[in-house]
2 protein chains.
Amino acid sequence: MAHDHAMPTDLTRNQGLVLGALNHAPAPLSAYDILDLLRSEGLRAPLQIYRALDKLVERGLAHRLESLNAFVACADEHCHRKGLIAFAICEGCGKVDEFADPVIEERLGNWARETGFKTERTTMEIRGRCAECLKAA
Amino acid sequence: MAHDHAMPTDLTRNQGLVLGALNHAPAPLSAYDILDLLRSEGLRAPLQIYRALDKLVERGLAHRLESLNAFVACADEHCHRKGLIAFAICEGCGKVDEFADPVIEERLGNWARETGFKTERTTMEIRGRCAECLKAA
DNA sequence: ATCAATACGTTATAGCATAACATCGCCGCA
DNA sequence: TGCGGCGATGTTATGCTATAACGTATTGAT
Ligand SMILES: [Zn+2]
Ligand SMILES: [Zn+2]
Ligand SMILES: [Zn+2]
Ligand SMILES: [Zn+2]
């Protein structure tokens, strides 16, 4: 399970609550999912969640999945990855696998250099079914 | 400009209107952008747009950009591409460049084979600034 | 004490997407 | 000719996602 993450100590209360919710979740959560989970802690408005998420994503402690409009905790316990990250998202169980591939990064870097494009950020998301779900079917 | 696309002849009226709007647009359009463009043609409801978009995307005549919640016409005039497509989206002018890279496709295929993941579809979107916009700055 | 920077709380609003239901037109087939 | 299936259409209502705009509170340095 994802229960034993080492959380940075300098998070604000809201940031800590949101990251905690993501860490305990077995699948990506939307901002509104998180809000519902944290109403018992006194949070009431979407903006409280979005502001915390902004900071967490900025620091690499969480990631936004564009194709899902949802968020996950970073799978890298301490030092969050630099560079390009790919996400494999299972449509069956919701599990998200996070990995980096230097060759892909290099190919995209080459393409950018050749075309004169200045990359700010890249999202790569694979949708499908994980091995476990395939076995179960 | 994108004015001279060969449009399939078997599109319905709504599908044709929507694809036309995308073909003439210099940048990705949201479903609501398209709706506003087509009110003069009698379209009134978001669903009319979304239904047409579903068909167009299904046939590869248009693409959905997940990181933008918007749509573009496929840049491949006739035979839309098979396989993995990457999109480079300029934050300055909105231009979208569509390209395929067999090496990246192979790397992702390898990863999937190794982990037993069955890929249904992949989205790859690069955000940044195109050469032209960089020159202008 | 003053000031700037950052986080927080609240209300309202904007933007994106689908559910549910009725209707229409086309085509194949008795 | 009439029936039945199917896909596209039209309409209303609703739900989900995200941000604007405002004010207050906390922190921490000078
Ligand atoms: Zn990560
Ligand atoms: Zn699974
Ligand atoms: Zn295309
Ligand atoms: Zn540009």
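The numbers attached to residues start from 1 for each chain and follow its sequence in the written order. The order in which chains are written sets their letters, starting at A; the order in which ligands are written sets their numbers, starting at 1. Confidence filtering applies because this is a predicted model: local features only for residues at pLDDT of at least 70, side-chain atom pairs given and counted only at 80 or more, and all residues used for totals across whole chains, interfaces and linings. Computation of side-chain values covers all heavy atoms of the structure but excludes hydrogens and water.

### Some details on helix α3 (residues 46–58) of chain B
What sets the pattern is the α-helix's 3.6 residues per turn: residues three or four places apart point alike. Test applied: The helix and strand labels rest on DSSP assignments: H or I over at least four residues marks a helix, E over at least two residues marks a strand, and numbering proceeds from the N terminus. The length a helix should cover is 1.5 Å for every residue beyond the first.
Its 13 residues give α3(B) an end-to-end C-alpha distance of 18 Å, which sits within 8% of 18 Å, the value for a rise of 1.5 Å per residue. Phi for Gly60(B), located one or two positions after α3(B), is positive at around 80°.

### Some words on the protein's contact with DNA strand C
To keep things clear, this is the line we draw: For this purpose, a residue is taken to be near a molecule or strand whenever a single non-hydrogen atom of the residue falls within 4 Å of it. Residues adjacent in sequence count toward polar contacts only when both atoms are side-chain atoms; beyond that, a polar contact is any pair of N or O atoms within 3.5 Å, and within protein one must be able to donate a hydrogen and the other to accept it. Each residue receives one of three labels: charged for Asp, Glu, Lys and Arg, nonpolar for Ala, Val, Leu, Ile, Met, Phe, Trp, Tyr, Cys and Pro, and polar for the others, Gly being one of them.
As a structural note, the neighbourhood of DNA strand C is formed by 15 residues, with Thr12(A), Gln48(A), Arg51(A), Tyr32(B) and Arg64(B) the closest of them. Between DNA strand C and Asn14(A), the relevant distance is 2.9 Å, taken from a phosphate oxygen to a side-chain nitrogen or oxygen of the residue. Among the elements that make up the surface near DNA strand C, the one with the highest residue count is helix α3 (residues 46–58) of chain A (four residues). Here the surface near DNA strand C is built from residues that sort into five nonpolar, five polar and five charged.

### Let's talk about the domain arrangement of chain A
Residue and element names in this part refer to chain A. Stated formally: Boundaries between domains were set according to an automatic or database domain assignment. Buried area, as used here, totals the accessible surface that two parts lose on assembly, with accessibility defined by a 1.4 Å probe and the loss added over both. The working definition used for a salt bridge is a side-chain nitrogen of Lys or Arg within 4 Å of a carboxyl oxygen of Asp or Glu.
Its domain assignment divides chain A into domain 1 (13–73) and domain 2 (86–136). Between the C-alpha centres of domain 1 and domain 2 there is a distance of 22 Å. Carbon and sulfur atoms supply 58% of the area that domain 1 and domain 2 bury against each other, a total of about 730 Å² over both sides. Of all residues in domain 1, His63, Leu65 and Ser67 bury the most surface against domain 2, accounting for 46% of the area lost on that side. In this structure, the connection of domain 1 to domain 2 is made through zero salt bridges. Here domain 1 and domain 2 share four residue pairs in polar contact (both at pLDDT 80 or more) between them.

### Some points on the coordination of the zinc ion (ligand 2)
Residues and elements named next belong to chain A. What counts is decided by this rule: Donor atoms (N, O, S) are those found within 2.8 Å of the metal centre, with the cutoff raised to 3.2 Å for Na, K and Ca; water is not part of the atom list, so apparent gaps in a site can occur. Donor angles set the geometry label: tetrahedral for four donors if every angle is between 85 and 135 degrees, square planar for four and octahedral for six if opposite donors exceed 155 degrees and the others are between 65 and 115, irregular for anything else. Whether a residue is buried, partly exposed or exposed follows from its accessible area with a 1.4 Å probe, protein chains only, as a fraction of its type maximum: under 20%, in between, or over 50%, in that order.
The protein atoms that coordinate the zinc ion (ligand 2) are Cys90 (SG), Cys93 (SG), Cys130 (SG) and Cys133 (SG), at distances spanning 2.2 to 2.3 Å. Classification of the site at the zinc ion (ligand 2) as tetrahedral follows from its four donor atoms and the range of 107 to 111° in their angles at the metal. Binding-site remark: the zinc ion (ligand 2) is held by donors from one chain whose sequence spacing is C-x2-C-x36-C-x2-C. Assessed through its relative accessible area of 3%, Cys90 is described here as buried.

### Examining the packing of aromatic side chains
To keep it simple, the criterion reads: Ring pairs shown here join Phe, Tyr and Trp side chains whose ring centres sit within 6.5 Å, with only the six-membered ring taken for Trp; geometry is labelled stacked below 30 degrees between planes, edge-to-face above 60, and tilted in between.
One pass over the full model with this rule turns up five aromatic pairs over all chains. Residues Phe99(A) and Trp111(B) carry aromatic rings whose centres are separated by 4.3 Å and whose planes lie at 10° to one another, so their mutual orientation is stacked. Highlighted residues: Phe99(A) in strand β4 (residues 96–99) and Trp111(B) in helix α4 (residues 102–115), drawn from two different chains. Here the two residues Phe99(A) and Trp111(B) agree in accessibility, since each one is buried. Considering the side-chain rings of Trp111(A) and Phe117(A), the 5.8 Å spacing of their centres and the 55° angle between planes classify their relative orientation as tilted.

### Structural notes on the sheet that holds strand β5 (residues 118–129) of chain B
Definition in use: The rule for pairing is simple: two strands pair if DSSP sees at least two bridges between them. Note on method: axes are straight lines fitted to C-alpha atoms, helices fitted across the in-contact stretch only, with angles between N-to-C directions ranging 0 to 180 degrees. Contacts are assigned to residue pairs with any non-hydrogen atoms lying within 4.5 Å of each other.
Strand order across the open sheet formed by six strands is β4(A)-β3(A)-β5(A)-β5(B)-β3(B)-β4(B), with mixed pairing between neighbours. Every interior strand has two partners, whereas the edge strands, β4 of chain A together with β4 (96–99) of chain B, have only one. If you compare each strand with its neighbour and ignore which way they point, the axes differ by 20° on average. Bridge count between strand β3 (residues 86–90) of chain B and β4(B): four bridges; the pairing is antiparallel. By the bridge assignment for β4(B), Ala88(B) is matched with Asp97(B). Where helix α4 (residues 102–115) of chain A meets the sheet, it contacts β5 (118–129) of chain A together with β3, β4 and β5 of chain B, and its direction lies at approximately 135° from that of β5(A).

### Looking at the pattern of salt bridges
Under the criterion given, the structure shown has twelve salt bridges over all chains. Note that Glu66(A) and Arg64(A) form a salt bridge whose closest N and O atoms lie 3.1 Å from each other. Taking relative accessible area as the criterion, Glu66(A) reaches 13% and is therefore assigned buried. Taking the relative accessible area as the measure of exposure, Arg64(A) reaches 32% and is therefore partly exposed. Here Asp10(B) and Arg59(B) are joined by a salt bridge, their closest N and O atoms 3.2 Å apart. Highlighted residues: Asp10(B) in the segment before α1 (13–24) and Arg59(B) in the loop between α3 and β1 (62–65), separated in sequence by 49 residues.

### Concerning the coordination of the zinc ion (ligand 4)
All names here are of chain B. Protein coordination at the zinc ion (ligand 4): the donors are Cys90 (SG), Cys93 (SG), Cys130 (SG) and Cys133 (SG), at 2.3 Å from the metal. What the four donor atoms of the zinc ion (ligand 4) show is an angle range of 106 to 112° at the metal, which sorts the shape as tetrahedral. We classify Cys93 as partly exposed; its relative accessible area is 37%. On the basis of relative accessibility, which here comes to 15%, the residue Cys133 falls in the buried class.

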